[in-house]
Amino acid sequence: MDTAKERSGWSDDELEASVDAYLKMLRLEQSGQTFKKKLENQLLREGPLIKRSASSVEYRMQNISTVMEQLGFKRITGYVSAKNLGTGVIKRIKEILARKDTDALHKNIGQATPSLSLQLVDAHQPHMRDAPLGILSPKRTSSTVMRLSRAISVKKWVLARSQGICEGCGQPAPFLNEKNEPFFEVHHVKHLVDGGADSTWNTVALCPNCHRRCHNSIDKHDFTKSLYSKVKGLIEKPNN
Ligand SMILES: [Zn+2]
Ligand SMILES: [Zn+2]
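Small disclaimer: the values here were computed from a predicted structure and weren't measured. (Residues numbered from 1 in each chain as written. Chains lettered and ligands numbered in written order. Predicted model: local features only at pLDDT ≥ 70, side-chain atom pairs only at ≥ 80, totals over all residues. Heavy atoms only, no water.)

A. Spatial organisation of the overall build of the protein chain. Scanning the protein chain from N- to C-terminus turns up eight helices and four strands. The helix and strand sequence of the protein chain, counted from the amino end, reads α-α-α-α-α-β-β-α-β-β-α-α. The 240 residues of the protein chain split such that 45% are buried. Here the contacts in the protein chain between residues at least 6 apart in sequence split such that 64% fall between residues at least 24 apart. (Helix = DSSP H or I, 4+ residues; strand = E, 2+ residues; numbered from the N terminus. Buried < 20%, exposed > 50% of the residue type's maximum accessible area, 1.4 Å probe, protein only. Contact = heavy atoms within 4.5 Å.)

And the structure:
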């Protein structure tokens, strides 16, 4: 079991990684897909929650269930709400959820029909690898019923994050695409063929030059490394 000190000592990044993983699992559960809590727990501890124990990660997921219930969302069935939660942690988890909302620069794909139930609007899900992390956005509807809505792809999310600026060189997109949007190519920092994850924390929006530089340049390894310090939200994991 974790201690009160450990609970209160979680960084924002750790909390956010927990929320992202939680939302991913929730989405899988809601769409009738299976996931293994134990495996997700382990993945988190091999990555952003490397300092945490299995039981403290488990407890954190229960915290998030508590917040989800307070907000009127459905929670993951397997994570029963934790009692005796410090208000500080609740507040921080709520803030992270709210931030997910402002991060969602793209307009809501789903129809804004007020509903008490959690609605997950996913354009399409070609395969599991494409399950984006942290893209479920809490929205407040006119009837003040909040719902989680819209799941957008990792690609769209990363393009939105870039805000028209190449995440490799910091320059504006070299041209607009046919839809009048900044043209970027989406690149997996740790390549998919090397076991990299198709997740927002492993994906960047690059201008064509920077993209080729990642793949074909003499300094491709150094340049790739530099992305982790340049791009907020990227996480370098040994086994991602
Ligand atoms: Zn660039
Ligand atoms: Zn690439």
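Continuing now.
B. Looking closely at the pattern of salt bridges. Throughout the structure, instances matching the rule amount to seven salt bridges. Glu-14 is paired through a salt bridge with Arg-52; the nearest N and O atoms lie 2.8 Å apart. In this pair, Glu-14 sits in helix H2 (residues 12-30) while Arg-52 sits in the loop between helix H3 (37-46) and helix H4 (54-70), placing the two residues 38 residues apart along the sequence. Among the ionic pairs, Glu-167 bridges to Arg-161, the shortest N-O distance being 2.8 Å. By relative accessible area, Glu-167 is classed as buried at 11%. With relative accessibility at 18%, the residue Arg-161 sits in the buried group. (Salt bridge = Lys/Arg side-chain N within 4 Å of Asp/Glu carboxyl O.)

C. Representation of unusual backbone geometry in the model. Unusually for a residue other than glycine, Gln-163 sits at a positive phi of about 50 degrees. In this structure, Asn-180 is a non-glycine residue whose phi angle is positive, near 70 degrees. Position of Asn-180 among the secondary structure elements: in the loop between helix H6 (154-162) and strand S3 (185-188). Among the residues examined, Asn-180 registers a relative accessible area of 58% and is labelled exposed.

D. Representation of the packing of H3 against H4 in the model. Between H3 and H4, whose axes approach to 10 Å, the crossing angle comes to 110 degrees. When the interaxial angle is binned, H3 and H4 end up roughly perpendicular. For the pair H3 and H4, the crossing hand works out as right-handed. Contact residues: Lys-37, Asn-41, Leu-44 and Arg-45 in H3; Ala-54, Val-57, Glu-58 and Met-61 in H4. (Axes fitted to C-alpha atoms, helices over the stretch in contact; angles between N-to-C directions. Parallel < 35°, antiparallel > 145°, perpendicular 65-115°, else oblique. Left-handed = near helix turned anticlockwise from the far one by under 90°.)

E. Just the coordination of the zinc ion (ligand 2), in detail. Taken together, the protein donors to the zinc ion (ligand 2) comprise His-187 (ND1), His-211 (NE2) and His-215 (NE2), at separations of 2.0 to 2.1 Å. Between the donor residues of the zinc ion (ligand 2), the gaps in sequence give the motif H-x23-H-x3-H. Of this pair, His-187 sits in strand S3 while His-211 sits in helix H7 (residues 208-216), and the two are 24 residues apart along the sequence. Neither His-187 nor His-211 differs from the other in exposure class; each is buried. (Donors = N, O, S within 2.8 Å, 3.2 Å for Na, K, Ca; no water.)

F. The coordination of the zinc ion (ligand 1), seen in detail. Looking at the zinc ion (ligand 1), one finds its protein donor set to be Cys-166 (SG), Cys-169 (SG), Cys-207 (SG) and Cys-210 (SG), positioned 2.2 to 2.4 Å from the metal centre. Bound by four donor atoms, the zinc ion (ligand 1) shows angles of 105 to 116 degrees at the metal and therefore tetrahedral coordination geometry. In primary-sequence terms, the residues that donate to the zinc ion (ligand 1) follow C-x2-C-x37-C-x2-C. (Tetrahedral: all angles 85-135°; square planar, octahedral: opposite > 155°, others 65-115°.)

G. Focus on the environment of Ala-54. Along the chain, Ala-54 falls in helix H4. Judged by relative accessible area, which is 34%, Ala-54 ranks as partly exposed. Residues Ala-54 and Lys-38, spaced 16 residues apart in sequence, show a C-alpha to C-alpha distance of 8.5 Å. Every residue in contact with Ala-54, bar those within four places of it in the chain, is listed here: Asn-41 and Arg-45.

H. View of the nonpolar core. Judged by nonpolar contacts, the single largest core of 27 residues is most densely connected at Tyr-22, Met-61, Met-68 and Ile-93. Among the elements that take part in this core, H2 stands out by supplying eight residues, more than any other. The next biggest cluster of nonpolar side chains, apart from the first, holds 18 residues, and it includes Ala-173, Ala-205, Cys-207 and Phe-223. (Core = buried A, V, L, I, M, F, W, Y, C linked by side-chain atoms within 4.5 Å.)

I. Geometry of H4. End to end, H4 covers 25 Å across 17 residues, agreeing with the expected 24 Å (1.5 Å per residue, within 8%). Buried residues of H4: Ser-56, Val-57, Tyr-59, Arg-60, Met-61, Asn-63, Ile-64, Ser-65, Thr-66, Val-67 and Met-68, and no others. (Expected span 1.5 Å × (residues − 1).)

J. Fine view of the packing of H7 against helix H8 (residues 220-230). In contact at an axis separation of 7 Å, H7 and H8 are set at 125 degrees when each is read in the N-to-C sense. In terms of orientation, H7 and H8 fall into the oblique class. Pair H7 / H8 crosses with left-handed handedness. Every residue of H8 that contacts H7 at Cys-210, Arg-213, Cys-214, His-215 and Asn-216 is listed here: Lys-220, Phe-223, Thr-224 and Leu-227.

Such coordinate-based values are descriptive only and should not be taken to indicate function.
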